[in-house]
Amino acid sequence: MIENAASDRLTGRVALVTGAAGDIGGAIALRTARDGATVVLSDLAAATDRLAETADACRAAGAPAVHLCPLDVTDESAVTEAVNEVVARVGPPDAIVTSAGYQGTFTPLPGYPIGDLRTVLEVNVVGTFTVVQACAAALIAAERAGSVVVVASMAGVSGAPNMAAYSASKAAVLGFSRSAAKDLAGAGIRVNAVSPGFIGPGRMWDRQVELQASTPSAYYADTPEEVAAQMIGMIPLRRYGAVQEVASVVGFLLSDDASYVTGTNTEISGGSA
Ligand SMILES: NC(=O)c1ccc[n+]([C@@H]2O[C@H](COP(=O)([O-])OP(=O)(O)OC[C@H]3O[C@@H](n4cnc5c(N)ncnc54)[C@H](O)[C@@H]3O)[C@@H](O)[C@H]2O)c1
């Protein structure tokens, strides 16, 4: 397993990670714990068991404190309430990562269900917007600087077949992060995005390989094994990325090592465009 050394670069900071029960969100949360942050782990209430596993890993990694924050990011008032509660308990989150996400169905555009498009946009776009908005307001009220990392996707950069809603949502959060970087720069809050490409193993990798295989497309074969080989064949580094390789870039962007970096998108894709 790829795992970078522990550091103290987030000591004294409060990291809030949404989607922290997920493969990438969990790895990012662990990275912030290994970098010395107090960690606030957020995900759907339905994901409590996996969130507890992330919490155990963060404690074992030496996080000074770990707090759980069950939350649906599409519920705007719940987001505000949760951030206010975090502020009261440990202070405003100043290392914020939005990793909660939903891939949507895999369907060619002509038949893509509009109800699912709305769900994808709600989770990926509205959910990102409200979390960053609430955290930024808390930081500004406390006159504190901070760093935000929005987890986008290469699908938002280049467009993925059968994933028009997801690709649109991730392009939207890229635009959002660049705009937020400008709005929040004066308050000392940096905002950057990362765009993972094919990352695995994990739920999203398995799901996309299976669903691309079972969905008609001019781009992919019809067995998961062949689709996996096709995807890896598209990557110049010839392998999928590990969740830790996403987390290490996010850890850098959250830290003062990236103190002059804002409004950027880092592609974590093994060279695939
Ligand atoms: N895994 C990949 O290959 C890949 C590639 C590019 C981008 N991404 C992005 O990375 C992020 C994390 O992906 P992952 O691989 O960890 O996926 P995952 O499915 O393992 O985790 C996503 C998490 O988001 C949570 N979530 C979903 N809807 C939510 C809601 N309404 N409120 C709160 N939490 C909610 C889920 O419960 C889950 O724990 C996502 O934004 C995803 O789009 C993933």
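The model shown is predicted, which means the values in this text are computed figures rather than measured ones.

A. The arrangement of the overall build of the protein chain in detail. A tally of helices and strands in the protein chain yields nine helices and seven strands. In summary, the protein chain has a C-alpha radius of gyration of 18 Å against a globular reference of 19 Å for 273 residues, a match within 12%. Dimensions of the protein chain along its principal axes, counting C-alpha atoms only, are 50 × 40 × 35 Å. Scored against the burial criterion, the 273 residues of the protein chain give a buried share of 50%. Of the contacts formed within the protein chain by residues at least 6 apart in sequence, a portion of 74% connects residues at least 24 apart. For the protein chain, the accessible area works out to roughly 11,800 Å², and carbon and sulfur atoms hold 56% of it. For the protein chain, the distance from the average site of its 17 positive side-chain charges to the average site of its 27 negative ones is 5 Å.

B. Representation of unusual backbone geometry in the model. Going from G200 to P201, the amide bond is cis rather than trans, its omega being -10 degrees. Mapped onto the elements, P201 comes out in the loop between β6 (189–196) and α7 (203–214). We note that N162 has phi near 65 degrees; this positive angle belongs to a residue other than glycine. Taking relative accessible area as the criterion, N162 reaches 9% and is therefore assigned buried.

C. Inspection of the packing of aromatic side chains at higher detail. With the rule as written, the count across this model stands at three aromatic pairs. When the ring of F198 is compared with that of W205, the centres are 6.1 Å apart and the planes differ by 80 degrees; the resulting orientation is edge-to-face. Judged on exposure class, the residue F198 and its partner W205 are both buried. Given the relative accessible area of 7%, W205 is considered buried. Chaining the aromatic ring pairs together yields one cluster made of F198, W205 and Y240.

D. Just the sheet that holds strand β5 (residues 146–151), in detail. As summarised here, the arrangement of the seven strands in space is β3-β2-β1-β4-β5-β6-β7, forming an open sheet in which the pairing is parallel. Since the sheet does not close on itself, it has two edges, and those belong to β3 (66–70) and β7 (265–268), each with one partner. Shown here is a sheet whose adjacent strand axes are inclined to one another by a mean of 15 degrees, direction ignored. Note that β5 and β6 share six bridges and pair parallel. Looking across to β6, one finds that V148 is bridged to V191. Strands β5, β6 and β7 of the sheet are contacted by helix α6 (residues 164–184), whose axis makes an angle of about 160 degrees with β6.

E. Quick peek at the domain arrangement of the protein chain. Looking at the assigned domains, one finds that the protein chain contains domain 1 (14–197 + 244–266) and domain 2 (199–240). The centre of domain 1, based on its C-alpha atoms, is set 25 Å off from the matching centre of domain 2. Contacts between domain 1 and domain 2 engage 21 residues on the former and 14 residues on the latter. Taking both partners together, domain 1 and domain 2 bury about 1,300 Å²; carbon and sulfur atoms supply 50% of that area.

F. Structural detail: a negative patch on the surface. A cluster of acidic residues, D72, D75, E76 and E81, forms a negative patch on the protein surface. Within the secondary structure, D75 sits in the loop between β3 and α3 (76–90).

G. Local environment of the pattern of salt bridges. Scanning the entire structure with this criterion turns up nine salt bridges. Salt-bridge contacts for D35 lead to R31; the nearest nitrogen and oxygen are separated by 2.7 Å. Across the pair, exposure class does not vary: D35 and R31 are buried alike. Residues joined by salt bridges that share partners form a network here, namely R9, R31, D35 and D257.

H. View of the pairing of strand β2 (residues 38–43). Of all six residues in β2, six are buried; the element is thus mostly enclosed. Because side chains alternate across β2, one face comprises the buried residues T38, V40 and S42, and the other comprises V39, L41 and D43, equally buried. When strand β1 (residues 14–18) meets β2, the two strands line up parallel, connected through five bridges. Of the residues in β2, the one forming a bridge with A15 is V39. A crossover connection joins β1 to the parallel β2 through helix α1 (residues 23–34); in handedness this β-α-β unit is right-handed.

About the thresholds
Residues numbered from 1 in each chain as written. Predicted model: local features only at pLDDT ≥ 70, side-chain atom pairs only at ≥ 80, totals over all residues. Heavy atoms only, no water. Helix = DSSP H or I, 4+ residues; strand = E, 2+ residues; numbered from the N terminus. Rg over C-alpha atoms; globule rule 2.2 N^0.38 Å. Buried < 20%, exposed > 50% of the residue type's maximum accessible area, 1.4 Å probe, protein only. Contact = heavy atoms within 4.5 Å. Areas by Shrake-Rupley, 256 points an atom, 1.4 Å probe, with all protein chains shown as cover. Lys, Arg positive; Asp, Glu negative; His and termini not counted. Charge placed at Lys NZ, Arg CZ, Asp CG, Glu CD. Phe/Tyr/Trp six-rings, centres within 6.5 Å; stacked < 30°, edge-to-face > 60°. Pairing = 2+ DSSP bridges. Axes fitted to C-alpha atoms, helices over the stretch in contact; angles between N-to-C directions. Domains from an automatic or database assignment. Buried area = accessible area lost by both parts, 1.4 Å probe. Patch = residues over 30% accessible without salt bridge, like charges linked within 9 Å, V, L, I, M, F, W, Y side chains within 5 Å. Salt bridge = Lys/Arg side-chain N within 4 Å of Asp/Glu carboxyl O. Right-handed = clockwise from strand over helix to strand, strands pointing away.

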